[in-house]
Amino acid sequence: MVVLSIIGIIIALILIALFIQASNAHSVKVYGYEIFNAGNFIVSVLGYLAIYFGNGWYSDALKEHGDLLNGELLMGIGGLFLLGVVYLNIKNTSLLYGLVMSIVMEILYAAATPVVFFVLLMAAAFFAETKPVYNIND
């Protein structure tokens with residue numbers, strides 16, 4: 001069963017990659033704008049991370065009767081990042097195509113954000129040459 005799950009994930013990733021390539025080819029041909037690009041991806045990931053950590057900050061402040069504004073501002077900034085990407089897509093394409101593709105794109109980017117964050121954490125740990133800590137007194 002695990003093998004079937006892995007095969008299903010691989011097929012899904014291949015289909016997503018083909019969809020992204022076809023969407024970019026169509027949008028470049030019709031509008032001269034690549035809708036799935038690195039800039040949109042980075043801004044969207046930053047927006048989702050800001051919303052996630054802002055929500056955590058807000059929830060902690062709510063439990064401790066602290067300052068709620070920090071979390072609210074961070075979530076608002078993340079939302080502005082996502083709205084900026086949607087606006088840019090609509091501006092460079094048509095209203096319908098830009099809106100529909102932005103929704104699809106943001107769903108895909110939301111799914112990719114935890115993976116990207118984990119990979120960045122692992123890369124930071126690797127390049128910082130972190131070593132495990134052993135306790136020999138036990």
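Residues numbered from 1 in each chain as written. Predicted model: local features only at pLDDT ≥ 70, side-chain atom pairs only at ≥ 80, totals over all residues. Heavy atoms only, no water.

Structural notes on the confidence of the model for the protein
Detailed reading of the predicted coordinates is not advisable wherever pLDDT falls low. The condition is simple: Confidence of the predictor at the level of single residues is given by pLDDT, which spans 0 to 100. Working definition: helices are DSSP H or I runs of at least four residues, strands are E runs of at least two. Numbering for both runs from the N terminus.
Residues with a pLDDT of 70 or more make up 99% of the protein, whose mean pLDDT is 92. Averaged over each element, pLDDT in the protein is lowest for helix H4 (residues 95-127) (92) and highest for helix H3 (residues 69-92) (95).

Some remarks on H3
Selection rule: A helix's residues, less one, multiplied by 1.5 Å, set its expected span. Whether a residue is buried, partly exposed or exposed follows from its accessible area with a 1.4 Å probe, protein chains only, as a fraction of its type maximum: under 20%, in between, or over 50%, in that order. Contacts: residue pairs with any heavy atoms within 4.5 Å of one another.
Compared with the 34 Å implied by 1.5 Å per residue over 24 residues, the 34 Å span of H3 between its first and last C-alpha is a close match. What H3 keeps buried is the set Gly71, Gly78, Leu82, Val85, Val86 and Asn89. On its buried face, H3 sits against helix H2 (38-63) and H4.

Looking at the nonpolar core
For the record, the criterion: For our purposes a nonpolar core is just a set of buried Ala, Val, Leu, Ile, Met, Phe, Trp, Tyr and Cys residues, chained together by side-chain atoms within 4.5 Å.
Tyr33, Ile35, Phe36, Tyr48, Leu82, Val85, Tyr97, Met101, Met105 and Tyr109 together form the largest nonpolar core, which totals 10 residues. Counting only elements with at least two residues in this core, the list comes to H3 and H4. No other element matches H4, which puts four residues into this core. What leucine 82 contacts, discounting residues up to four positions off in sequence, is Ser44, Gly47, Tyr48, Ile51 and Glu106.

Describing the environment of valine 28
Take valine 28: it is sitting in helix H1 (residues 2-31). Taking the C-alpha atoms as reference, valine 28 lies 10 Å from asparagine 92; in sequence the two are 64 residues apart. The contact partners of valine 28, leaving out residues within four places of it in the chain, are Tyr33 and Glu34.

As for H4
Under the convention used in this document: The quantity called bend is, for any residue, the angle between two axes fitted respectively to the seven residues ending at it and the seven beginning at it. Polar contact is the term for a pair of N or O atoms within 3.5 Å; when the atoms are in protein, one must be able to donate a hydrogen and the other to accept it, and sequence-neighboring residues count only if both atoms are side-chain atoms.
The sharpest bend along H4 comes to roughly 35°, located at alanine 112, with the proline proline 114 sitting one to four residues further on. Turning to H4, its buried residues are Tyr97, Gly98, Met101, Ser102, Met105, Glu106, Tyr109 and Thr113. Lining the buried residues of H4 we find H1, H2 and H3. Where H4 begins, the capping side chain belongs to serine 94, and its oxygen is found 3.3 Å from the backbone nitrogen of tyrosine 97. Positive phi shows up at glutamate 129, right after H4, with a value of about 55°.

As for the side chain of asparagine 40
Counting through the fold element by element, asparagine 40 comes out in helix H2. A polar side-chain atom of asparagine 40 sits 3.0 Å from the main-chain carbonyl oxygen of isoleucine 35. Side chain to side chain, asparagine 40 and asparagine 89 meet in a polar contact 3.1 Å long. Apart from the residues within four sequence positions on either side, asparagine 40 is in contact with Tyr33, Ile35, Val85, Leu88, Asn89, Met105 and Tyr109.

Side note on the side chain of serine 44
Looking at the secondary structure, you find serine 44 in helix H2. Residue classification places serine 44 among the buried positions, given a relative accessible area of 0%. One polar contact links serine 44 to glutamate 106, side chain to side chain, over a distance of 2.9 Å. With residues up to four places along the chain from it excluded, the contact list for serine 44 reads Leu82, Val85, Glu106 and Tyr109.

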